[in-house]
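Working through the structure, step by step
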Amino acid sequence: ALVHLQIICGISYLEVPKFADGSIPFCSIDTDHNSWTLFREMEILERKMTPNGIVVIHDHIAFKDSNGYADGYICGAPYPKDLMLDSDDISYGDAVERLATSRQWREIRRSDDFCGGIALQRTI
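Residues numbered from 1 in each chain as written. Predicted model: local features only at pLDDT ≥ 70, side-chain atom pairs only at ≥ 80, totals over all residues. Heavy atoms only, no water.

This paragraph deals with a nonpolar patch on the surface. On the surface, a cluster of nonpolar side chains totalling about 410 Å² of accessible area is made up of Val3, Leu5 and Ile7. Along the chain, the position of Leu5 falls in the segment before helix 1 (12-15). (Patch = residues over 30% accessible without salt bridge, like charges linked within 9 Å, V, L, I, M, F, W, Y side chains within 5 Å. Areas by Shrake-Rupley, 256 points an atom, 1.4 Å probe, with all protein chains shown as cover. Salt bridge = Lys/Arg side-chain N within 4 Å of Asp/Glu carboxyl O. Helix = DSSP H or I, 4+ residues; strand = E, 2+ residues; numbered from the N terminus.)

Attention now moves to the sheet that holds strand 2 (residues 49-58). An order of 1-2-4-3 is seen for the 4 strands of this open sheet, with the pairing classed as mixed. Of all the strands in the sheet, the pair left with one neighbour each is strand 1 (24-29) and strand 3 (105-111). Strand-to-strand twist across the sheet, computed as the mean angle between neighbouring axes with direction ignored, equals 15°. As defined by bridge partners, strand 3 adjoins strand 4 (residues 117-122) across 6 bridges and the pair is classed as antiparallel. Of the residues in strand 4, the one forming a bridge with Ser111 is Gly117. (Pairing = 2+ DSSP bridges. Axes fitted to C-alpha atoms, helices over the stretch in contact; angles between N-to-C directions.)

For the rest of this paragraph, the subject is the packing of helix 2 (residues 35-48) against helix 4 (residues 92-100). Relative orientation of the contacting elements helix 2 and helix 4 amounts to 25°, with a least axis distance of 9 Å. Relative to helix 4, the element helix 2 is oriented roughly parallel. As helix 2 packs across helix 4, the resulting crossing turns out to be right-handed. Across the interface between the two elements, Ser35, Leu38, Phe39 and Met42 of helix 2 pack against Tyr92, Ala95, Val96, Arg98 and Leu99 of helix 4. When the residues that make up the contact of helix 2 with helix 4 are grouped by side-chain class, the tally is 7 nonpolar, 1 polar and 1 charged. (Parallel < 35°, antiparallel > 145°, perpendicular 65-115°, else oblique. Left-handed = near helix turned anticlockwise from the far one by under 90°. Contact = heavy atoms within 4.5 Å. Nonpolar A, V, L, I, M, F, W, Y, C, P; charged D, E, K, R; others polar.)

As a further point, take the nonpolar core. Among the nonpolar cores identified, the biggest contains 28 residues, and Met42, Leu45, Val55 and Ile57 are the most heavily contacted of them. Elements with a contribution of two residues or more to this core: strand 1, helix 2, strand 2, helix 4 and strand 4. A per-element tally of this core places helix 2 first, with 6 residues. When residues no more than four places from it in sequence are discounted, the contact partners of Leu45 are Val16, Ile24, Cys27, Ile29, Val55 and Trp105. (Core = buried A, V, L, I, M, F, W, Y, C linked by side-chain atoms within 4.5 Å. Buried < 20%, exposed > 50% of the residue type's maximum accessible area, 1.4 Å probe, protein only.)

As structure tokens, then:
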């Protein structure tokens, strides 16, 4: 089967909305490791993923107890700090665990090797 793969460098919560609803069967997230960005990414992916689509999230062990905030995104764009100030400021690891036990996602695989990775499957 022919697989169409796209690698997109940009701010995920601005790039993913460009895809049609229900059109993404697999997505790998190597985010900037803060809970605010991760929750935005996953909120958008809920609509964009195909039924039973899979999201792989990296670094849930490496940033387990921190929130990964830096001066901005690696692409050079600043964080939207005015929006982030009102967010639930939990650690990145706690954010990943919250997603893994939510009703929208089901954990299907986890590894603590190489900074940690977790695969979630869309349930709704």
